[in-house]
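Next come the chains, spelled out residue by residue.
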Amino acid sequence: MDNKVKEQMQAIGNAIKNQRIKKERRQVELAQSIGVSIPVIGYVEKATHAAKIDNILMVCNELGLSIEVKEDSIGLARQQVKEGKVHTPKQARTKLQIK
């Protein structure tokens, strides 16, 4: 994960963790409510592993957060494929912003 993506993911993770704490939810409760394992919540919050976008979206939805995928994400994904950084657009990192 490059530094820019890592910083973005850490910002998202921090926003998610802050919202979870604000809503007085424990990781285990959140995990059970969306049907994922407890470590998945930790991955999303700490950005130590590349979390699946589906998991990020489920966590955000459960906590009442919305995510905006920036318009240039598709172009960015195509550019990363063209440059040989990834093999498919699906592997490309998407720019996300928590609202």
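We now turn to the structure provided with this report.

What counts, and at which threshold
Residues numbered from 1 in each chain as written. Predicted model: local features only at pLDDT ≥ 70, side-chain atom pairs only at ≥ 80, totals over all residues. Heavy atoms only, no water. Helix = DSSP H or I, 4+ residues; strand = E, 2+ residues; numbered from the N terminus. Contact = heavy atoms within 4.5 Å. Core = buried A, V, L, I, M, F, W, Y, C linked by side-chain atoms within 4.5 Å. Buried < 20%, exposed > 50% of the residue type's maximum accessible area, 1.4 Å probe, protein only. Axes fitted to C-alpha atoms, helices over the stretch in contact; angles between N-to-C directions. Left-handed = near helix turned anticlockwise from the far one by under 90°. Nonpolar A, V, L, I, M, F, W, Y, C, P; charged D, E, K, R; others polar.

**Focus on the side chain of Glu45**
Step number 1: Checked against the element boundaries, Glu45 lands in helix α3 (residues 38-46).
Step number 2: Ignoring any residue separated from it by four or fewer positions in sequence, one finds Glu45 in contact with Gly13, Asn14, Ile16, Lys17, Arg20 and Gln27.

**What about the nonpolar core?**
Step number 1: Met9, Ile16, Val36, Ile41, Ile56, Val59 and Cys60 are the most contacted members of the largest nonpolar core, which totals 18 residues.
Step number 2: Those residues in contact with Ile56, other than ones at most four positions away along the chain, are Met9, Ile12, Ile16, Val44, Ala51 and Ile67.

**Points about the packing of helix α1 (residues 3-22) against helix α4 (residues 53-63)**
Step number 1: The N-to-C vectors of α1 and α4 enclose an angle of 30 degrees; their axes lie 10 Å apart at closest approach. Along this stretch, α1 crosses α4, giving a crossing that reads as left-handed. Only Ile56, Val59, Cys60 and Leu63 of α4 make contact with α1, whose side of the interface consists of Met9, Ile12, Ile16, Gln19 and Arg20.
Step number 2: Residue classes in the contact of α1 with α4 are distributed as seven nonpolar, one polar and one charged.

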